[in-house]
Amino acid sequence: MSWTDERVQRLKELWSQGLSASEIADMLGDITRNAVIGKAHRLGLSGRPSPIKKKPSRGATILALTERMCKWPVGDPKHQDFHFCGKQALPGLPYCAEHAALAYQPSSSSKKARDEDRSSGDRSVGVA
DNA sequence: CCCTGATTCGC
DNA sequence: GCGAATCAGG
């Protein structure tokens, strides 16, 4: 599949819209995200106002998150220290693996529930 | 492990 | 020029 003018147009359009390479690749079809990025780079793109919060000097996007960003409030919402985890959120969950584990902890869990049950439930005096 | 974009290397 | 591979990072 060669890059036709239409495809390049679509690429640039979607890219500028903030879509991720994988998304664009998926839309165009028959192409991987690498191809999209590669073409984008050749076109002179790569520096689009993407949802990337930091400035990737080179090599890798420090926070390559767009949609699956971990939305875990860290610090204080009223303090400058307030920031989101930004890590890879689990598919389906708004948090990353770490915070998802924290958020989805098995409630308070009855750690003493069984203890109570045992003392009260086991009262056979010896009827039979 | 998942995903992100960037750069590099082979065809 | 194209695209896979690799790199780098949370």
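Keep in mind that this is a model prediction, so the values were computed, not measured.

A. Structural context of the overall build of chain A. Helices and strands together make up the secondary structure of chain A, namely 5 helices and 2 strands. Tracing chain A from N to C terminus, the helices and strands come up as α-α-α-β-β-α-α. Taken over 128 residues, chain A has a buried fraction of 22%. Considering only intrachain contacts with a sequence separation of at least 6, the fraction spanning at least 24 residues in chain A is 28%. Of the roughly 10000 Å² of accessible surface on chain A, a fraction of 50% belongs to carbon and sulfur atoms.

B. How the structure looks around the environment of A100. Within the secondary structure, A100 sits in helix α4 (residues 97-103). Between the C-alpha atoms of A100 and W72, which are 28 residues apart in sequence, the distance is 8.9 Å. Those residues in contact with A100, other than ones at most four positions away along the chain, are L90, L93 and Y95.

C. Here's a closer look at helix α3 (residues 33-43). Considered for burial, the residues of α3 that qualify are V36, G38, K39 and A40. Elements in contact with the buried residues of α3: α1 (5-17) and α2 (21-28). One or two positions beyond α3, positive phi appears at G44, with a value near 105°.

Definitions and cut-offs
- Residues numbered from 1 in each chain as written.
- Chains lettered and ligands numbered in written order.
- Predicted model: local features only at pLDDT ≥ 70, side-chain atom pairs only at ≥ 80, totals over all residues.
- Heavy atoms only, no water.
- Helix = DSSP H or I, 4+ residues; strand = E, 2+ residues; numbered from the N terminus.
- Buried < 20%, exposed > 50% of the residue type's maximum accessible area, 1.4 Å probe, protein only.
- Contact = heavy atoms within 4.5 Å.
- Areas by Shrake-Rupley, 256 points an atom, 1.4 Å probe, with all protein chains shown as cover.

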